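Summary of structural features
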Amino acid sequence: MPSIAYFGPQGTFSEQAALAAGRPDHTLVPEATVPEALDAVRHGRADLACVPVENSVEGAVSATMDALAVDEPLVAVAEVVLPVRFSLLARPGTTLAGIRSVASHPHALAQVQGWLAKHVSQAAQLAATSTAAAAVGVLDGNCDAAITAPVAAEHYALAVLETGIADVDDAVTRFLVLQRPGELPTPTGSDRTSIVAVAAYQRTGVLAEMLTELALRGINLSRIESRPMKGRLGEYRFYLDFDGHVAEQRVADALAALHRRCHEVRFLGSYPKADGTPTLAGTDNADADYAAATDWVTTVREGRTG
Ligand SMILES: O=C(O)C(=O)Cc1ccccc1
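Here the structure is a predicted model, which is why all the values come from computation and not from measurement. Note that residues are indexed from 1 along each chain, following the sequence as it is written. For this predicted model, a pLDDT threshold of at least 70 governs which residues receive local features, and a threshold of 80 or more governs which side-chain atom pairs are given and counted, while totals over whole chains, interfaces and linings are taken from all residues. Think of the side-chain values as coming from all heavy atoms in the structure, minus any hydrogens and water.

**What to know about helix H10 (residues 287–301)**
Note the threshold: Working definition: helices are DSSP H or I runs of at least four residues, strands are E runs of at least two. Numbering for both runs from the N terminus. The span one expects for a helix is its residue count, reduced by one, times 1.5 Å.
The end-to-end C-alpha distance of H10, which contains 15 residues, comes to 21 Å, matching closely the 21 Å that a straight helix rising 1.5 Å per residue would cover. Backbone geometry just downstream of H10 places Gly303 in the positive-phi region, at approximately 70°.

Quick look at the structure:
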């Protein structure tokens, strides 16, 4: 039976995202960390991995960004965007005033700082590997309370002290569903392409050159992040998300240009956008425009036109 590895244990937002990915034939396999979920796919222990990549409050999930840039390449075949509201779980009998420590994933803690300051300001905050791992920590007696996904209450014998916690009402987290490189998803007209590019070190204007390659082809950049290369200061990987599918000529053309200009370009997938909004593309950049222009150049080369 095919399987989806997700950032676990059971009861994480990543599990919710894996369930929302619409693969009812896949069994769900929890992994303790994002790199382990990705490695499960790399090593053939799972067919897909579902991991968080960014949220609207805290930004990029750096563990995911870093793990996608190295080792065997994986490509995204889908994205899932989930609204994120948290629950506070504790051992039965615990009161808010009695909480001395509260644990969660750092991205979850960052999204409830206001609520914690108001309701449990006395509690020390502890980082856990995931929201559900924090719930396990409460069961094990390592901390008094956990900030979790609402669904965690169904998996762990803990009391729900509060639900619907969110400093930002409309906060969302975006997850990627990844597989080993293979057949690409069919273009839908509402697609996103993700890449990681490493530019030449200390070349003046290189980032502007990269972005110009996209802009000239009417490609809409939806996200840009940088992460350090770890070895020396000033050397970065750039993560670009933009509208369009590599099957479209303007996107293929832009990728080829980036490949010429950069030390390294890693393709992270072309996949349907979760919100279904049509691909934004400037004028004169449709496949038919590229085909007509290529035909014309051919006639010039063959001496059939002036
Ligand atoms: O720990 C989890 O539940 C995750 O899936 C990561 C996460 C943490 C905080 C908000 C959204 C996702």
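**A look at empty space enclosed by the protein**
Using the following cut-off: Whether a set of points on the 1 Å grid over the protein atoms alone is a cavity depends on a 1.4 Å probe fitting there but being unable to get out, while an open set qualifies as a pocket with protein on both sides within 12 Å along at least five of seven lines; lining residues are those with an atom within 4 Å of a point. Grid points are joined across faces, edges and corners, and a volume is the space filled by probe spheres set on the points. When residue character is reported, Ala, Val, Leu, Ile, Met, Phe, Trp, Tyr, Cys and Pro are called nonpolar, Asp, Glu, Lys and Arg charged, and the others, Gly included, polar.
Here the structure, examined in full by the defined rule, presents two cavities of 30 Å³ or more. Counted as a void, the largest cavity has a volume near 200 Å³. Along the wall of the largest cavity there are 17 residues; nearest its centre are Phe13, Pro52, His105, His107 and Thr131. Its residues assigned to classes, the lining of the largest cavity comprises eight nonpolar, nine polar and no charged. In this structure, the second largest cavity encloses a volume near 70 Å³. As for the second largest cavity, its lining consists of Val53, Met65, Leu68, Arg174, Leu176, Ser194, Arg223, Tyr239, Asp241 and Leu268. Of all elements in the fold, only helix H3 (62–69), strand S11 (172–179) and strand S14 (236–243) reach the threshold of two or more residues within the lining of the second largest cavity. Considering only residue class, the lining of the second largest cavity consists of six nonpolar, one polar and three charged.

**Quick look at the site of the ligand**
Inclusion rule: Residues are classed as near a molecule or strand on a simple rule: at least one heavy atom within 4 Å of it. Residue-level accessible areas treat just the shown protein chains as cover; the underlying method is Shrake-Rupley with a 1.4 Å probe. Whether a molecule sits in a cavity or pocket is decided by its atoms, more than half of which must lie within 2 Å of the grid points.
Taken together, the residues surrounding the ligand are Phe7, Thr12, Phe13, Ser14, Pro52, Val84, His105, Ala108, Gln111, Ser130, Thr131 and Thr173. Burial of the ligand by the surrounding chains reaches 99%, relative to a free accessible area of 320 Å². Of the pockets mapped on this structure, the ligand occupies the largest cavity. Of the residues that constitute the shell around the ligand, the class distribution is five nonpolar, seven polar and no charged.

**Description of the UniProt feature "domain: Prephenate dehydratase" (unreviewed entry) in the protein**
Let me state the cut-off plainly: UniProt positions are given in the numbering used here, feature names are shortened, and annotations may be inferred rather than shown by experiment.
Summarizing the sequence annotation, UniProt attributes the feature "domain: Prephenate dehydratase" (unreviewed entry) to residues 3–180 in the numbering used throughout. Secondary structure content for residues 3–180 is 28% helix and 34% strand, while the C-alpha to C-alpha distance between its ends is 13 Å.

**Concerning the packing of helix H8 (residues 206–216) against helix H9 (residues 249–261)**
Describing two packed helices takes the angle between their axes plus the distance from one axis to the other. So the rule is basically this: The angle between two axes is taken between their N-to-C directions and runs from 0 to 180 degrees, where each axis is a line fitted to C-alpha atoms and a helix contributes only its stretch in contact. In this scheme, roughly parallel covers angles under 35 degrees and roughly antiparallel covers those over 145, while 65 to 115 is roughly perpendicular and the rest are oblique. Crossing handedness follows the turn of the near helix against the far one: under a right angle anticlockwise gives a left-handed crossing, and clockwise gives a right-handed one. Any two residues having at least one pair of non-hydrogen atoms within 4.5 Å are treated as being in contact.
Direction vectors running N to C along H8 and H9 enclose 165°, while the axes themselves pass 9 Å from each other. Here H8 is positioned roughly antiparallel relative to H9, judged by the angle of their axes. As for the relative orientation of H8 and H9, their crossing is right-handed in sense. Residues Glu209, Met210, Glu213 and Leu214 of H8 pack against Ala254, Ala257, Leu258 and Arg261 of H9. Residues belonging to the contact of H8 with H9 are distributed by class as follows: five nonpolar, no polar and three charged.

**A short note on the nonpolar core**
For clarity, the threshold we go by: As used here, the term nonpolar core means buried Ala, Val, Leu, Ile, Met, Phe, Trp, Tyr and Cys residues forming a set that is joined through side-chain atoms within 4.5 Å. Exposure is judged per residue with a 1.4 Å probe applied to protein chains only, and the accessible area is read against the type maximum: over 50% gives exposed, under 20% gives buried, and values in between give partly exposed.
Formed by 32 residues in total, the largest nonpolar core has its most connected members in Cys50, Phe86, Leu88, Val102, Leu116, Ile147 and Val177. If you tally residues by element for this core, the top one is strand S5 (residues 75–83), at four residues. Dropping the residues within four chain positions of it, Ile147 is found in contact with Phe86, Ser87, Leu88, Val102, Ala103, Ser104, Ala108, Val112, Leu116, Thr131 and Ile165. Residues Ala49, Tyr239, Leu268 and Tyr271 belong to the second largest nonpolar core, which totals 24 residues.

**Here's the deal with the environment of Ala17**
By secondary structure assignment, the location of Ala17 is in helix H1 (residues 13–20). Classification of Ala17 as buried rests on a relative accessible area of 0%. Residues Ala17 and Phe175, 158 residues apart in the sequence, show an inter-C-alpha distance of 6.8 Å. Look past the residues within four positions of Ala17 in its chain and what remains in contact with it is Cys50, Val80, Leu82 and Phe175.

**Details of the confidence of the model for the protein**
Defined as follows: pLDDT is a residue-level measure of predictor confidence that goes from 0 to 100.
In the predicted model, the protein carries a mean pLDDT of 95, and the fraction of residues at 70 or more is 100%. Interface confidence for the predicted complex, expressed as ipTM, amounts to 0.96; the pTM equals 0.95.

**Considering the side chain of Lys273**
Among the structural elements, Lys273 can be located in the loop between strand S15 (264–272) and H10. Contact partners of Lys273, with chain neighbours within four places excluded, come to Glu79, Ser190, Asp191, Arg192, Asp243, Pro278 and Thr279.

**Observations regarding the sheet that holds strand S10 (residues 159–165)**
Keep this limit in mind: Two strands pair if DSSP finds at least two bridges between them.
Within the open sheet, the five strands sit side by side as S8-S7-S9-S6-S10. Their pairing is mixed. Looking at strand neighbours, the two that pair on one side only are strand S8 (124–127) and S10, the edges of this open sheet. Averaged over all adjacent pairs, the angle separating strand axes in this sheet is 25°, with direction ignored. Where strand S6 (residues 86–90) and S10 come together, four bridges link them in antiparallel fashion. Bridging across to S10, Ala90 finds its partner in Ala159.

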